[in-house]
Amino acid sequence: MKKILFLFAFASFLLYPACNNGKNQIADEHDHENQAIDESVSASEGTEGTEDTEGPEHTIITLKRQPFHKIIRTSGRIIADSREIEIITSKSAGIVRFSMNSFFPGVKVSGGQQLFTISGGQLADDNIEVRFRQVTADLARAKANFERAEKLISEKIITQEHYLSVKNEYEKISEEYSNLSQNAGKSGSVISSPVNGYIREVFVTEGERVSSGQALASVISGRRLV
């Protein structure tokens, strides 16, 4: 019996260190696993903190006047307000002549500048030159009759009715002469630009026969454009 107890105690003594070593090894492995998890968490927290604090990089560029490197080519139309367009019309019938050497859309003109001359030429009807000479002669005759009537009415040789008739005739011819003299001369009817601006369109050609009131050209003042 004593031998059996002795053998059991001896075996327990031999197995005790081995058990302790196994327990210590398991504890060490567990501690290593916890340490690895802690390090992984710490690394993850450190990375997230870095992204929140640093953010993306920003570049500041100072703008300055310089040529463009990219150009978008396009086209368009410039439209004028209809109230800015003046239509020039013929005041008499005849043959149109341009008064400027260069006369085409885009040419700059001044208000009152002569643009056209309407000449009667060999026309039998509506000849402005013939009409101007006729009105000039009629005016001289009407003026002489009116001056004589003024003397006769003062002496009561003619009636008041006859005097008024002579006076009205003289005033009528005088007004017609004044109108023709402003727009016509020995070379024909003169057409001028009404405003400062640019030629927009030309509706006639050199030497074309035109009628009274016919459109010759248009001038745009160019103050309001779209």
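Presented here is a report on the structure given in the accompanying data block. (Residues numbered from 1 in each chain as written. Predicted model: local features only at pLDDT ≥ 70, side-chain atom pairs only at ≥ 80, totals over all residues. Heavy atoms only, no water.)

**Regarding the overall build of the chain**
Check the secondary structure of the chain and you find three helices and nine strands. Going residue by residue from the N terminus, the α and β elements of the chain occur as α-β-β-β-β-α-α-β-β-β-β-β. Burial statistics for the chain: of 226 residues in total, 22% are counted as buried. If you take every contact in the chain between residues at least 6 apart in sequence, the share linking residues at least 24 apart comes to 73%. With the model as given, the accessible surface of the chain reaches about 17700 Å², and the carbon-plus-sulfur share is 54%. (Helix = DSSP H or I, 4+ residues; strand = E, 2+ residues; numbered from the N terminus. Buried < 20%, exposed > 50% of the residue type's maximum accessible area, 1.4 Å probe, protein only. Contact = heavy atoms within 4.5 Å. Areas by Shrake-Rupley, 256 points an atom, 1.4 Å probe, with all protein chains shown as cover.)

**Some thoughts on the environment of alanine 93**
When you line up the elements, alanine 93 lands in the loop between β1 (85–89) and β2 (94–98). Judged by its relative accessible area of 11%, alanine 93 is buried. Placed 116 residues apart in sequence, alanine 93 and arginine 209 show a C-alpha to C-alpha distance of 7.4 Å.

**With respect to the packing of aromatic side chains**
Across all of its chains, the model carries five aromatic pairs by this definition. Relative to phenylalanine 103, the ring of phenylalanine 98 lies with its centre 5.1 Å away and its plane at 40°, an arrangement referred to as tilted. With a relative accessible area of 22%, phenylalanine 98 lands in the partly exposed category. Both rings, one in phenylalanine 146 and one in tyrosine 170, keep their centres 5.3 Å apart while their planes meet at 0°; by these two values the pair is stacked. Here tyrosine 170 lies in helix α3 (residues 160–183) and phenylalanine 146 lies in helix α2 (residues 128–154), a separation of 24 residues in the sequence. Taking the relative accessible area as the measure of exposure, phenylalanine 146 reaches 13% and is therefore buried. (Phe/Tyr/Trp six-rings, centres within 6.5 Å; stacked < 30°, edge-to-face > 60°.)

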